[in-house]
Amino acid sequence: MSFESELSKGQFTIPECTKCKKIVWPPTEFCDNCFGEICLKKGVFEGKIIEFSKQNETYFCMVEFENTVKIMAKMLKTPKIDQIVKISKCGIVNGSYFFQVN
């Protein structure tokens, strides 16, 4: 089970070291702190919008999860800085990750 295989199924996971419990981002097989193995935490994670921009009618937000993981995600309604959001869609299309929050 890898981050990419879960993402390709539409499941967002957060990689965490089994030894030191550090969130490892970007996702890798081994912890960059203690070289422990990584497990993938599953769940519905809440993130905070830290910045955003707009192109045409689509907003693009920088969202931070677990005070470590930062992703760029689409949002269909007007975002606000510090707004709490959850991932509504995610996956891999043509080799690129995509995320949408609400």
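Residues numbered from 1 in each chain as written. Predicted model: local features only at pLDDT ≥ 70, side-chain atom pairs only at ≥ 80, totals over all residues. Heavy atoms only, no water.

### Re the side chain of Thr13
Item 1. Mapping Thr13 onto the fold places it in strand β1 (residues 13–17).
Item 2. A residue is classified by how much of its surface remains accessible, and Thr13, at 0% relative accessible area, is buried. (Helix = DSSP H or I, 4+ residues; strand = E, 2+ residues; numbered from the N terminus. Buried < 20%, exposed > 50% of the residue type's maximum accessible area, 1.4 Å probe, protein only.)

### Remarks on the packing of aromatic side chains
Item 1. According to the stated counting rule, one finds eight aromatic pairs in the structure shown.
Item 2. Between the aromatic rings of Phe12 and Phe45, the centroid separation amounts to 6.0 Å while the plane-to-plane angle is 85°, which identifies the pairing as edge-to-face. Note that Phe12 is positioned in the loop between α1 (3–8) and β1 and Phe45 in the loop between β2 (38–42) and β3 (46–55), a separation of 33 residues in sequence.
Item 3. Phe45 sits in the buried class, given a relative accessible area of 12%.
Item 4. Their ring planes at 70° and their centres at 6.2 Å tell us that Phe52 and Tyr59 sit as a pair that is edge-to-face.
Item 5. A relative accessible area of 12% places Tyr59 in the buried class. (Phe/Tyr/Trp six-rings, centres within 6.5 Å; stacked < 30°, edge-to-face > 60°.)

### Points about the pattern of salt bridges
Item 1. The full count for this structure, using the stated rule, is six salt bridges.
Item 2. A salt bridge links Lys9 to Glu6, with the nearest nitrogen and oxygen atoms 3.3 Å apart.
Item 3. The class of Lys9 is exposed, set by a relative accessible area of 63%.
Item 4. Across the pair Glu66 and Lys41 runs a salt bridge, and its minimum N-O distance is 3.4 Å. Placement of the pair is Glu66 in the loop between β4 (58–65) and β5 (69–75) and Lys41 in strand β2, with a sequence separation of 25 residues.
Item 5. Looking at Glu66, the relative accessible area reads 36%, which means it is partly exposed. (Salt bridge = Lys/Arg side-chain N within 4 Å of Asp/Glu carboxyl O.)

### So, the nonpolar core
Item 1. Within the largest apolar cluster, 20 residues are counted, with the highest numbers of intra-cluster contacts made by Phe12, Val63 and Phe65.
Item 2. Sorting the residues of this core by element identifies α1, β4, β5, β6 (84–93) and β7 (96–101) as the ones contributing at least two each.
Item 3. Discounting residues that sit within four places of it in the chain, Val63 has contacts with Gly47, Lys48, Ile49, Val69, Lys70, Ile71, Ala73, Val85 and Val101. (Core = buried A, V, L, I, M, F, W, Y, C linked by side-chain atoms within 4.5 Å. Contact = heavy atoms within 4.5 Å.)

### Describing the side chain of Glu64
Item 1. Here Glu64 shows up in strand β4.
Item 2. A relative accessible area of 16% places Glu64 in the buried class.
Item 3. For Glu64, the residues in contact, after removing those within four places along its chain, are Gly47, Lys48, Ile50, Val69 and Lys70.

Any functional reading would require information beyond the geometric quantities listed.
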